[in-house]
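Residue-level listing of the chains:
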2 protein chains.
Amino acid sequence: MTSGHESDRTTEKIMEATYQALCEHGYPATSISKIADEFEKSKSLLYYHYEDKEELLTDFLRYLLDQLEAELAPAEGKNPTERLVAILDRLCPREVNDEGMHFRRALLEIRTQAPYREAYQEQFERSDDLILGEITDAIEDGIDGGVFRAVDAQQTAEFIYSTVHGTIELGVTLEDTTIFDRNRAMIDEYIDSHLRSSS
Amino acid sequence: MTSGHESDRTTEKIMEATYQALCEHGYPATSISKIADEFEKSKSLLYYHYEDKEELLTDFLRYLLDQLEAELAPAEGKNPTERLVAILDRLCPREVNDEGMHFRRALLEIRTQAPYREAYQEQFERSDDLILGEITDAIEDGIDGGVFRAVDAQQTAEFIYSTVHGTIELGVTLEDTTIFDRNRAMIDEYIDSHLRSSS
């Protein structure tokens, strides 16, 4: 109704088109023109908004991060284990379909380019800080509440986050989605045996 | 002396030049011409041997894999824990310098391209099979010898291998080598608490 709403709606459509293009073509082959092909509005609008692919993709990463932030926020009312499970379910679900696999592969491709592109790097650092912070908070919460052992929360969070990345990396690059289910069982077991207080 | 030796020597020089180019430019920017710049012999020799970048890189992956195979072989005489440590030290050492980081980043970049290029995919599948096989063997060896608990060797191997991949991915994409040392401590602790038999 207002131009602000209209502009939000346009942004959303651009982000959806970017998502589709990434799933379909992967990062290296995704161009503004390929994204425009997925965009139902005028292509000139897209070119008007963004100078190059990097600018658009940076906005896309920012958009994803805002979504993740909004999704993780309600977890703060949950108990520590539920919080950990919520993050793991979001990042590394037991079942991943083809679209989910292609999208995660594209994200990994963008991540490998981050060291060459400061704008990407900034977004990945923000998202890693957000996720590591959330895992660390959940663990500290559990330690404070006596449900988790007094482990090094930050180091344990980093380790769990690494297992998530490794699982996704092996799954999407070898195109084997069955690893998600197997490794989630191992991560859950790790949380149970390494974190859960025996008292 | 023989033409066979001469040809081996040339192959080695080409592989060294490829390694240097990858460390310096990363995978996307590495071209046959950039590799030729690192090659002391005639450039035409390189173009004579390889039709395109993909062909050369496939040979490079094969060369790395042969080296890895030769390096892991002597581990078969060691005890199960030493075998695991040897693999971890090789893939995910506690300290990684800039060159090691740049090279691992280039390898990750090539890995993300594997789903689009069958020749790469084949090499990564072979190398994952080799490494997972070695970790699984070491764990089974430990179970048979009573030093490890009767865990699911294959699933545990896959989990450990995933933590290695996740560690390298986070380290090289965020350009933070300190994670190698921290995560290795966590992996070692995991092996100790999850695998080591308490009897």
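Residues numbered from 1 in each chain as written. Chains lettered and ligands numbered in written order. Predicted model: local features only at pLDDT ≥ 70, side-chain atom pairs only at ≥ 80, totals over all residues.

### Notes on the overall build of chain A
Then step 1. When helices and strands are counted, chain A shows nine helices and zero strands.
Then step 2. When the helices and strands of chain A are read in sequence order from the N terminus, they spell out α-α-α-α-α-α-α-α-α.
Then step 3. Relative to its full complement of 199 residues, chain A shows a buried share of 35%.
Then step 4. Taking all contacts inside chain A whose residues are at least 6 apart in sequence as the whole, residues at least 24 apart take part in 66%. (Helix = DSSP H or I, 4+ residues; strand = E, 2+ residues; numbered from the N terminus. Buried ≥ 20, exposed ≤ 12 C-beta atoms within 10 Å, placed from the backbone. Contact = placed C-beta atoms within 7 Å.)

### Re the relation of the copies chain A and chain B
Then step 1. Relative to chain B, chain A is turned by 180° and slid 0.0 Å along the rotation axis, the superposed coordinates differing by an RMSD of 0.0 Å. Each copy turns onto its partner about a two-fold axis. Closest approach to the rotation axis among the C-alpha atoms of chain A is made by G166 of chain A, whose C-alpha sits 1.9 Å away. (Least-squares fit on C-alpha atoms with pLDDT ≥ 70 in both.)

### Here we look at the interface of chain A and chain B
Then step 1. Counting from both sides, the interface comprises 32 residues of chain A and, opposite them, 32 residues of chain B.
Then step 2. Those elements giving two or more residues to the side of chain A that touches chain B turn out to be α6 (98-113), α7 (118-144), α8 (153-173) and α9 (178-195) of chain A.
Then step 3. With 12 residues, α8 of chain A is the largest single contributor of residues to the side of chain A that touches chain B.
Then step 4. For the side of chain A that touches chain B, the residue count by class is 11 nonpolar, 12 polar and nine charged. (Nonpolar A, V, L, I, M, F, W, Y, C, P; charged D, E, K, R; others polar.)

### Section: α8 of chain A
Then step 1. The end-to-end C-alpha distance of α8 of chain A, which contains 21 residues, comes to 30 Å, matching closely the 30 Å that a straight helix rising 1.5 Å per residue would cover.
Then step 2. Among the 21 residues that make up α8 of chain A, 18 are buried, leaving the element largely enclosed by the rest of the structure. (Expected span 1.5 Å × (residues − 1).)

### Overview of the domain arrangement of chain A
Residues and elements named next belong to chain A.
Then step 1. The domain boundaries assigned to chain A delineate domain 1 (1-50) and domain 2 (53-195).
Then step 2. Placing a centre on the C-alpha atoms of domain 1 and another on those of domain 2 gives a separation of 26 Å.
Then step 3. The interface of domain 1 with domain 2 comprises 12 residues on the first partner and 12 residues on the second.
Then step 4. Listed by contribution, the elements that provide at least two residues to the side of domain 1 that touches domain 2 are α1 (3-29) and α2 (32-37).
Then step 5. For the side of domain 1 that touches domain 2, the element with the most residues is α1, which contributes eight residues.
Then step 6. Counted by class, the side of domain 1 that touches domain 2 contains nine nonpolar, three polar and no charged residues. (Domains from an automatic or database assignment.)

### Some thoughts on helix α5 (residues 80-91) of chain A
Residue and element names in this part refer to chain A.
Then step 1. Here α5 contains 12 residues, and its C-alpha end-to-end distance of 17 Å stays within 8% of the 16 Å for a straight helix at 1.5 Å per residue.
Then step 2. For α5, the full list of buried residues reads P80, R83, L84, I87 and L88. Along α5, the residues classed as buried sweep out an arc of 130° about the axis, all on the same side. Of the residues in α5, the exposed ones pointing more than 90 degrees away from the buried face are E82 and D89. (Arc of directions from axis to C-beta.)

### Focus: the nonpolar core
Then step 1. If you look at the biggest cluster of nonpolar residues, it comprises 52 residues, and the most contacted ones within it are I135 and I160 of chain A together with I135 and I160 of chain B.
Then step 2. Of all the elements in the fold, those that place two or more residues in this core are α5, α7, α8 and α9 of chain A together with α5 (80-91), α7 (118-144), α8 (153-173) and α9 (178-195) of chain B.
Then step 3. If near-sequence neighbours (up to four positions away) are discounted, I135 of chain B is found in contact with L84, I87, A157, I160 and Y161 of chain B. (Core = buried A, V, L, I, M, F, W, Y, C linked by C-beta atoms within 7 Å.)

### Observations concerning the confidence of the model for chain A
A low pLDDT means the predicted coordinates there should not be read in detail.
Then step 1. Mean pLDDT over chain A stands at 90; residues scoring 70 or higher make up 95%.
Then step 2. Confidence metrics for the complex model read pTM 0.91 and ipTM 0.89. (pLDDT = per-residue confidence, 0-100.)

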